Amino acid sequence: MDKVKAVKTLRKLVNERSLEKVGGYIKNLLVEFLKEHQNYLSSGFYHLWLAVSAKDLEKLLLSNIVVKQWGMKEKDGVVILSWYLEIYPKNPLSSTKTFEIRDVEIFVRRHLIYTSSLDYIEHLKRAAMRGKVVEVIEALETLFRLIVDEVESRTSEKFVMLRFDRFKKTKIYTDGMVYLKL
Amino acid sequence: MEIRKISESEIDNLVLRIIEAYVSSQIKTGVWEINTGVLLEIFPFLVEYFNGARLMGISNSFKSQNSFLREYINELGAEHKVIISLEHPYGHDVVVRVYGLADTLIYSFGYHKTALWLDGYEEEVYKSIEQLVEFARNATDKTIVDSYEKFKKTKIYELWIKSKQ
């Protein structure tokens, strides 16, 4: 993504006060990113965990919601964020591997509470309309970096496994496991 | 390499099943009377799965609902008594209900604790599970038993027994 060009275009749309166009442009940037990485993807939906540091949370413009409203806590230097990504193909009958993207949706969700979710594109759109144009583009850059990092290094899995290894040392795990095996 | 397509994470399912199995292995169903001080030890975060829609007029955020309930409970005082019931309606699922506050709180215990575990509250989750188990083991149930004995002397109970004969 060309940051300078993206900021310029988004700022122009914000100045036109066109909500629909601002949302459309943000979505378009996401679609472009997904197209570039189509080898990672197939059409359909994904539940994606991303390990996000406090600094990245700020960059994603999610600190206020995730920490202050949802009460999630940093552990081992990261918050594990649950994302829901749905990719709609242009032709529903096309192969799940070779397809053209018609639309995408992306939500941030509270763990196991599917009614508490945040439409991320809508969230960025509102931020842009409040004048945070550069911040919105940086948020998208951060999201793309985190997705690539997750796919290539499985970072969130490593952090969750760290927690799980600690869980294994508790009485709850040992007794619970024995009871499950009975 | 590609994004792994999963319907749910294997880890959260496993954590959920182990917590439920542990509680099921330690406690059977029951009803107990506790004071709100103990309630706050078992549920340090009260509202995660509380139906927020009933708290109309209060901001829908986790923190404000949580502090609202805490404030309410604090006003009742640490010695205020509530009734909690524990049941296993489906398999290992553990459902805890709390009666005696403004509204009945209903928690799917394992689900509630697993979500908190994923939210980064590991130690708090382990501690509160142990609190529930320890409390249920040591509870004397005196008030519940007394109330039940009183209930057995009522006409309602007598008629019910007769209807069964």
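Residues numbered from 1 in each chain as written. Chains lettered and ligands numbered in written order. Predicted model: local features only at pLDDT ≥ 70, side-chain atom pairs only at ≥ 80, totals over all residues.

Draft legend 1. Looking closely at the overall build of chain A. Along the backbone of chain A there are eight helices and four strands. Starting at the N terminus and walking to the C terminus, you meet the elements of chain A as α-α-β-α-α-β-β-β-α-α-α-α. Projected onto its principal axes, the C-alpha coordinates of chain A cover approximately 65 × 40 × 30 Å. Taking all 182 residues of chain A together, the buried fraction comes to 32%. Put simply, 66% of the contacts in chain A that link residues at least 6 apart link residues at least 24 apart. (Helix = DSSP H or I, 4+ residues; strand = E, 2+ residues; numbered from the N terminus. Buried ≥ 20, exposed ≤ 12 C-beta atoms within 10 Å, placed from the backbone. Contact = placed C-beta atoms within 7 Å.)

Draft legend 2. The packing of helix α1 (residues 3-15) of chain A against helix α2 (residues 19-36) of chain A, seen in detail. Residues and elements named next belong to chain A. Relative orientation of the contacting elements α1 and α2 amounts to 160°, with a least axis distance of 9 Å. Here α1 lies roughly antiparallel to α2, going by the angle between them. The chirality of how α1 crosses α2 is left-handed. Each of A6, T9, L10, L13 and V14 in α1 lies in contact with α2, whose residues at this interface are K21, V22, Y25 and L29. Of the residues assigned to the contact of α1 with α2, the class counts are seven nonpolar, one polar and one charged. (Axes fitted to C-alpha atoms, helices over the stretch in contact; angles between N-to-C directions. Parallel < 35°, antiparallel > 145°, perpendicular 65-115°, else oblique. Left-handed = near helix turned anticlockwise from the far one by under 90°. Nonpolar A, V, L, I, M, F, W, Y, C, P; charged D, E, K, R; others polar.)

Draft legend 3. Up close: the nonpolar core. All names here are of chain A. In this structure, L10, V52, L81 and V136 are the most contacted members of the largest nonpolar core, which totals 68 residues. Among the elements that make up this core, the one with the highest residue count is helix α6 (residues 133-153) (eight residues). In contact with V136, not counting residues within four places along its chain, are L10, I26, L124, A127 and A128. (Core = buried A, V, L, I, M, F, W, Y, C linked by C-beta atoms within 7 Å.)

Draft legend 4. Examining the environment of L50 of chain A more closely. Residues and elements named next belong to chain A. With respect to the secondary-structure elements, L50 resides in strand β1 (residues 44-52). Taking the C-beta count within 10 Å as the criterion, L50 has 21 such neighbours and is therefore assigned buried. As a C-alpha pair, L50 and H123 span 73 residues in sequence and 18 Å in three-dimensional space. If near-sequence neighbours (up to four positions away) are discounted, L50 is found in contact with L81, W83, L146, E150 and S156.

Draft legend 5. Seen up close, the interface of chain B and chain A. Taken together, the contacts link 29 residues of chain B with 36 residues of chain A. Listed by contribution, the elements that provide at least two residues to the side of chain B that touches chain A are α1 (10-26), α3 (62-76), α4 (109-118) and α5 (122-138) of chain B. Sort the elements by how many residues they give to the side of chain B that touches chain A and α1 of chain B lands first, with nine residues. Looking at side-chain class alone, the side of chain B that touches chain A contains 16 nonpolar, six polar and seven charged residues.

Draft legend 6. Spotlight on the pairing of strand β4 (residues 105-108) of chain B. All names here are of chain B. Here β4 shows a clear split, with L105 and Y107 buried on one side and none of I106 and S108 buried on the other. Sheet analysis places strand β3 (residues 95-99) next to β4, joined by four bridges and oriented antiparallel. Within β4, the residue paired with V98 across the bridge is L105. Hairpin remark: β3 followed by β4, antiparallel, with five residues in the connecting loop; positive phi at G100, about 110°. (Pairing = 2+ DSSP bridges.)

Draft legend 7. A look at the sheet that holds strand β1 (residues 30-35) of chain B. Residue and element names in this part refer to chain B. If you walk across this open sheet you meet the four strands as β1-β2-β3-β4, and the pairing is antiparallel. Looking along the sheet, the strands with just one partner apiece sit at the ends: β1 and β4. Across the sheet, the mean angle separating the axes of adjacent strands is 20° when strand polarity is ignored. Those strands touched by α4 are β3 and β4, and its axis lies near 75° from that of β4.

Draft legend 8. Examining the environment of N15 of chain A more closely. Tracing the backbone through its elements, the reader meets N15 of chain A in helix α1. When the C-alpha positions of N15 of chain A and M129 of chain A are compared, they lie 8.6 Å apart, and in sequence the two are 114 residues distant.

Draft legend 9. Region of interest: the environment of V151 of chain A. All names here are of chain A. On the secondary structure map, V151 appears in helix α6. The exposure class assigned to V151 is partly exposed, which follows from the 18 C-beta atoms found within 10 Å. Once the C-alpha coordinates of V151 and E138 are considered, the two residues, 13 residues apart in sequence, prove to be 20 Å apart.

Draft legend 10. Spotlight on α5 of chain B. Between its terminal C-alpha atoms α5 of chain B stretches 25 Å, which fits the 24 Å expected from 17 residues at 1.5 Å a residue. Within the sequence span of α5 of chain B, burial applies to V125, S128, I129 and L132 of chain B. Buried residues of α5 of chain B, seen end-on, are gathered within an arc of 100° and therefore sit on one face of the element. Opposite its buried face, α5 of chain B presents the exposed residues E123, R137 and N138 of chain B, each directed more than 90 degrees away. Where α5 of chain B is buried, its residues touch α8 (171-181) of chain A together with α1, α2 (36-42) and α4 of chain B. (Expected span 1.5 Å × (residues − 1). Arc of directions from axis to C-beta.)

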